[in-house]
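# A closer look at the structure
One-letter residues, chain by chain:
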Amino acid sequence: MSDLRRSWVAGANDAGTDFPLNNLPYGVFSTAALSPRCGVAIGDHILDVASAEERGLTGTDGLLRDARWNPLMAAGPQAWHDFRARLIQLLAEGAEKRAAVEPLLMPMSDARLHMPFAVTEYTDFYACRQHATNVGTMFRGPENALPPNWLHIPIGYNGRASTVVVSGTEIRRPLGQTKAKDATAPEFGPTKRLDIELEIGAIVGTPSQMGQPVTVAQARQMIFGYVLLNDWSARDIQAWEYQPLGPFQAKAFATSISPWIVTAEALAPFAAPAPAREVPLLPYLQEDSPGLYDVALSVEMNGQTISTTNMRELYYSSAQQLAHHASSGCAMRTGDLLGSGTISGPAPENCGSLLEMTWGGANPITVGGEPRTFIEDGDTLTLKGHAQGAGFRVGFGACTGTIRPAPDI
């Protein structure tokens, strides 16, 4: 485990900050005086790297000109490493160019955060065994909880890139078809069982070619970084529509991500092995090094923590998911977003969805002194996550969304 890298920037050496020099996550920000541009979080400030590039400080030669990180992502792992090394050099204690960099720091409190990258495609997986077991038990019984393919293959579905939004974006309660158990026909209206899913999103940097599979090792090199991801879910719409082709409108209305991309390089010291395999994976999915990360995760509802878990609970890593996605010859593109699937631990207080925490609404939790099952209008849900080092943490910031009433029918 690495030690704290000390910086001259205010707040960057504080043990409780998400953004020490060890992290340097990438986002897009604006202020009252500045249009949206690429920025890097450090302590309680944001470094305007678009302006730093214009001054010849970053060595990126126009890759940061746009208000998105896709051009740097497409430049590949060596460019990613070189840029991050340059940032560390500029922001470390005793930096020679501090005088040139210091005017480019903006207080984070003065900034508005935007989508950090253009999402090309979005695929969501179902890669946590505890979550899959919980949901399967609810709907099919414990003897048939896991589908026959689950221990062999990372299951996923293609979602909607058009409704992936940055933290802080308000979410409208979706409309859709639902059917009560005792009803003879469905009805159309607002979902009554709105839920969250606590996930990690992996961002593809370098693309693959159509018709060309990639190995797990190659897939790991393709991943630019990670974000927190909330796969908002309308459970009653999902229950009616999902057979035989899986989730559709119940998931398509919104997906929230955290505003900061934590790079794979920043997370590398926190690599963790996958759980033991009940059955061996086919060779193309086998990993030769730890593919998960020791990232503590939590869910808050209206400021109250209702769940804690860890990314180590995943059964399949993002690299395995990416390798499987490309195995058919599917072309992966710069800006593709891969959701991990809900991350749940062994107890209700370790579950990443209200569906599991309340066991389908049968066992309400207490929030603000009141019993709750699913999300009500006005509720704010917040996901948080960080990897803990020796005296520092590598964090994602918050992924937050507030639910507003459904549109008029």
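Residues numbered from 1 in each chain as written. Predicted model: local features only at pLDDT ≥ 70, side-chain atom pairs only at ≥ 80, totals over all residues. Heavy atoms only, no water.

## Focus on the pairing of strand S3 (residues 45–48)
Residues His45 and Leu47 of S3 are buried on one face, and the alternating residues Ile46 and Asp48, pointing to the opposite face, are buried as well. As defined by bridge partners, strand S2 (residues 37–42) adjoins S3 across four bridges and the pair is classed as antiparallel. Among the inter-strand pairings, Ile42 is bridged to a residue of S3, identified as His45. Connecting the antiparallel pair S2 and S3 is a turn made up of two residues, with Gly43 showing a positive phi of about 60°. Of the strand pairs in this sheet, S3 and strand S4 (residues 105–107) are connected by three bridges, and their pairing is antiparallel. Its bridge partner being in S4, Leu47 is matched across the sheet by Leu105. (Buried < 20%, exposed > 50% of the residue type's maximum accessible area, 1.4 Å probe, protein only. Helix = DSSP H or I, 4+ residues; strand = E, 2+ residues; numbered from the N terminus. Pairing = 2+ DSSP bridges.)

## Quick word on the environment of Arg404
Here Arg404 lies in strand S26 (residues 393–404). Along the sequence, Arg404 and Ala75 sit 329 residues apart, while their C-alpha atoms lie 39 Å from each other. In this view, Arg404 contacts Glu170, Ile171, Arg172, Arg173, Asp377 and Gly378; residues no more than four positions away in its chain are not counted. Side-chain polar atoms of Arg404 contact the side chain of Glu170, separated by 2.9 Å. (Contact = heavy atoms within 4.5 Å. Polar contact = N/O pair within 3.5 Å; in protein donor to acceptor, adjacent residues only side chain to side chain.)

## Here's the deal with the nonpolar core
Core analysis: the biggest nonpolar cluster contains 69 residues, and Tyr226, Trp232, Leu267 and Ile375 have the highest contact counts within it. Once residues lying within four places of it in the same chain are set aside, the contact partners of Leu267 are Tyr226, Val262, Tyr293, Val295, Ala387, Val394 and Phe396. Membership of the second largest hydrophobic core comes to 40 residues, among which are Leu24, Val49, Leu90 and Ala92. (Core = buried A, V, L, I, M, F, W, Y, C linked by side-chain atoms within 4.5 Å.)

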